[in-house]
Amino acid sequence: MAKSKTNNNNKPQQISYIAVPSQIIHTLSSSSLQSLLLSPKKSSKNRSISHLLTQSSHRPLFWLGLIFFFTFLGVLKMGLFNLDPSTPLSQNPCSISQSEHVSNEESVSVLETEELKLQRLSNADEESEFWAQPDGFGYRPCLDFSGEYRKSSHLIKKDRRKYLMVVVSGGMNQQRNQIVDAVVIARILGAALVVPILQVNVIWGDESEFSDIFDLEHFKSVLADDVRVVSSLPSTHLMSRPVEEKRTPLHVSPQWIRSRYLKRLNREGVLLLRGLDSRLSKDLPSDLQKLRCKVAFHALKFVPHVLELGNKLAERMRSKGPYVALHLRMEKDVWVRTGCLPGLSHKYDEIITNERKLRPELLTGRSNMTYHDRKLAGLCPLNALEVSRLLKALGAPRDARIYWAGGSPFGGQEALLPLTREFPNFYNKEDLAFPGELEPLANKASLLAALDFIVAEKSDVFMPSHGGNMGHAIQGHRAYAGHKKHITPNKREMLPYFLNASLSEVEFGKIIRKLHRDSLGQPELRTIKVGRDVTKYPIPECMCNRPTVSSS
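Residues numbered from 1 in each chain as written. Predicted model: local features only at pLDDT ≥ 70, side-chain atom pairs only at ≥ 80, totals over all residues. Heavy atoms only, no water.

In the nomenclature of an unreviewed UniProt entry, the protein chain is known as O-fucosyltransferase family protein of Stephania cephalantha. Per UniProt, the protein chain carries the Subcellular location (unreviewed entry) text "Membrane". Under the Sequence similarities (unreviewed entry) heading, UniProt states for the protein chain: "Belongs to the glycosyltransferase GT106 family." (UniProt positions renumbered as here; feature names shortened; annotations may be inferred.)

Enquirer: Go over the pairing of strand β13 (residues 461–464), please, and point to the residues and values.
Expert: Where burial is concerned, the two faces of β13 agree: the one with V461 and M463 and the one with F462 and P464 are both buried. Inspection of the sheet shows strand β10 (residues 323–327) paired to β13 by four bridges, in the parallel sense. Bridging across to β13, H327 finds its partner in P464. Where β13 and strand β14 (residues 485–486) come together, two bridges link them in parallel fashion. Along β14, the bridge assignment pairs F462 with H486. In this view, the connection linking β13 to its parallel neighbour β14 by way of helix α20 (residues 469–480) has right-handed handedness. (Buried < 20%, exposed > 50% of the residue type's maximum accessible area, 1.4 Å probe, protein only. Helix = DSSP H or I, 4+ residues; strand = E, 2+ residues; numbered from the N terminus. Pairing = 2+ DSSP bridges. Right-handed = clockwise from strand over helix to strand, strands pointing away.)

Enquirer: How would you sum up the pattern of salt bridges? Please name residues and give values.
Expert: Note that side chains of opposite charge can pair when their charged atoms are close. For the coordinates displayed, the defined rule picks out 22 salt bridges. One salt bridge in this structure joins D181 and R292, with 3.0 Å as the shortest N-O distance. Note that D181 is positioned in helix α7 (residues 172–189) and R292 in helix α11 (residues 286–299), a separation of 111 residues in sequence. Neither residue differs from the other here; D181 and R292 are each classed as buried. For the salt bridge of E361 with R359, the shortest nitrogen-to-oxygen distance reads 3.5 Å. Taking relative accessible area as the criterion, E361 reaches 57% and is therefore assigned exposed. Here R359 falls in the partly exposed class, since its relative accessible area comes to 40%. A single network of salt bridges, built from pairs that share partners, joins D159, R161 and K162. (Salt bridge = Lys/Arg side-chain N within 4 Å of Asp/Glu carboxyl O.)

Enquirer: Describe the state of the cysteines, with residues and values.
Expert: Scanning the entire structure with this criterion turns up three disulfides. The disulfide partner of C142 is C544, and the gap between their sulfur atoms is 2.2 Å. With C142 in the loop between β3 (140–141) and α6 (147–158) and C544 in strand β15 (residues 543–544), this pair connects stretches of sequence that are 402 residues apart. By the burial criterion, C142 is buried, and C544 matches it. The disulfide partner of C340 is C380, and the S-S distance across this bridge is 2.0 Å. A torsion of -85° about the S-S bond marks the disulfide between C340 and C380 as left-handed. With C340 in the loop between α13 (332–338) and α14 (346–358) and C380 in the loop between α15 (371–376) and α16 (384–393), the pair connects residues that are 40 residues apart, well separated along the chain. Here C340 falls in the buried class, since its relative accessible area comes to 0%. Look at C380 and you get buried, because its relative accessible area is 3%. (Disulfide = S-S within 2.5 Å.)

Enquirer: Any details on empty space enclosed by the protein? Residues and values, ideally.
Expert: All told, the structure shown has four cavities of 30 Å³ or more when counted by the stated rule. Taken as a whole, the largest cavity encloses approximately 140 Å³ of empty space. Counting residues per element, the lining of the largest cavity draws most heavily on α20, at three residues. Residues belonging to the lining of the largest cavity are distributed by class as follows: six nonpolar, seven polar and five charged. Within this model, the second largest cavity holds a volume of roughly 70 Å³. Ranked by residues supplied to the lining of the second largest cavity, first place goes to α7 with four residues. (1 Å grid on protein atoms, 1.4 Å probe; cavity = no way out; pocket = protein on both sides within 12 Å on 5 of 7 lines; lining within 4 Å. Points joined across faces, edges and corners; volume = space filled by probe spheres on them. Nonpolar A, V, L, I, M, F, W, Y, C, P; charged D, E, K, R; others polar.)

Enquirer: How would you sum up unusual backbone geometry? Please name residues and give values.
Expert: With omega at 10°, the peptide bond leading from I539 into P540 counts as cis. Relative to the elements of secondary structure, P540 occurs in the loop between α22 (505–515) and β15. For F137, which is not glycine, the phi torsion reads 50° and is therefore positive. Looking at the element boundaries, F137 is found in the loop between α5 (96–131) and β3. Its identity is not glycine, yet H251 carries a phi of approximately 55°, on the positive side.

Enquirer: Explain the sheet that holds β13 residue by residue, including any values.
Expert: Through backbone hydrogen bonds, the strands of a sheet pair up, either in parallel or in antiparallel fashion. One open sheet holds the five strands; their spatial order is β12-β11-β10-β13-β14, and the pairing between them is parallel. With partners counted over all chains shown, the strands left at the sheet margins are β12 (426–427) and β14, one partner each. Running over the sheet, helix α12 (residues 304–318) touches β10, β11 (401–405) and β12 and is turned about 150° from β11. (Contact = heavy atoms within 4.5 Å. Axes fitted to C-alpha atoms, helices over the stretch in contact; angles between N-to-C directions.)

Enquirer: Residues and numbers for the packing of α7 against α20, please.
Expert: At a closest axis distance of 8 Å, the pairing of α7 and α20 adopts a crossing angle of 60°. In terms of axis orientation, α7 runs oblique to α20. Viewed along their axes, α7 and α20 form a crossing whose handedness is left-handed. From α7, N173, Q174, R176 and N177 reach across to α20, where they touch N469, M470, A473 and H477. Here the contact of α7 with α20 is built from residues that sort into two nonpolar, five polar and one charged. (Parallel < 35°, antiparallel > 145°, perpendicular 65-115°, else oblique. Left-handed = near helix turned anticlockwise from the far one by under 90°.)

Enquirer: Report on the packing of α12 against helix α19 (residues 445–457), specifying residues and quantitative values.
Expert: The N-to-C vectors of α12 and α19 enclose an angle of 45°; their axes lie 8 Å apart at closest approach. Classified by the angle their axes make, α12 and α19 are oblique. Read as a crossing pair, α12 and α19 show a hand that is right-handed. Taken together, the residues of α19 that come into contact with α12 (itself represented by V306, L307, L309, G310, N311, L313, A314 and M317) are L447, A450, L451, I454 and V455. Partitioning the contact of α12 with α19 into residue classes produces eleven nonpolar, two polar and no charged.

Enquirer: So what about α22? Which residues, and what values?
Expert: Residues of α22 that are buried: F508, G509 and I512. Axial view of α22: buried residues confined to an arc of 100°, hence all on one face. Facing away from the buried surface of α22 by more than 90 degrees, the exposed residues are V506, K510 and K514. Tucked inside the fold, the buried residues of α22 contact α16 and α21 (491–498). (Arc of directions from axis to C-beta.)

Dropping the structure here:
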């Protein structure tokens, strides 16, 4: 802007003013201005500079250049020309507050990045821990029978007078348990075992025979030194009237069996037993416990075509990494028998309650307990939501591949939604099988259960939602194979925390992992608790960690 001013000669003179931004003025301290305008005379050198400034004070170009120089310095100070290549250029170089805001945002961003890194590392550690296998402490199978046992085997194999017939019932895994005990009872009595008869399953209508499920020739050859197995009664015994026993008490000893049956068996030649489930004691002499393991872990092998298909399904599950196998006990009859409720909705709970009222005999025990009491006592199966929360708390990654075994859940796919939402890689045998692969097994519940058994036993991590014959059998197999990871839900201890809504997910996870640190398939001695099944806890009778094992 130009302004007219009159001088002493009354001639207008043009004086120019340059508008300088206030930010630039602020960049010059008061001391700088004083040094510029009031230069003290302290030396000849200073006087020279003062003289120069005095002489230059009447030259507008000098002041214009000086202002430009300080303007340039101010701009540099404000960061228009950023000399640090690691810092991005400011969007608004004239705004100091904006620059400070960006700097703060960058600091927060750095902190958030570090937190995310730590969280990712923590998650990675939890996932790695989830797939980690328990320490087996060097335990390996060892089925060394005593000299007395081996000596008596020669006499038993030569005997052609006594034959034991058994009828086994229930599902495939329940039948397995009874077959194991049938072999042991035959050994106790010194009798040959006729191939067990499988009772037609009233629930699934499965008419499979022993040789449809298990490799009969393999069964015979493995047990050749322990019990003589025959496919049918010889002609000399076809007209015999077998001694039939239907009411064998629970948990009987070898002495009780000999005193009860041996005399009649020697007289009649044939003994027929039914309903062997839990009739034989779980606490037997060492050699008979080893025989139990030999039957369960070596002799009972699935027929080749079922074993081949089960292995294929397991390979498909493992094709993209480790996988979890779940045995979900969510069928309608399970909810009825356990006295529990599925928790899907009032409609479904009412159906189960009415069914139990109509058939109270189905309740498996403790009829005086309410559903709530049963739940807190750990007597109810976990539902899909509880299984999902448990897996997440134990560190299962969202992309974990899950194979689920078991019958159709009551409530259909709706009952599985809490699991499939959290873990979308969710499969069963129908999902994995190619078209036509399952057709030969149609309406064969025992063979389909065998497929579930194979895939579950080969998994990296196995977890049942409730106890049962399949879960127990797989636990024993995984222990015998070197203690592969098997999660036993600590339902009684953990359920109160499931009901505590005030817990954060982090706190909940820490508590759940602590509760299960000793329930991951580590070696457990069967002898710690009376009545444990050796086919579920094979130490110390069937596994040892000694460098050398005595054969005496």
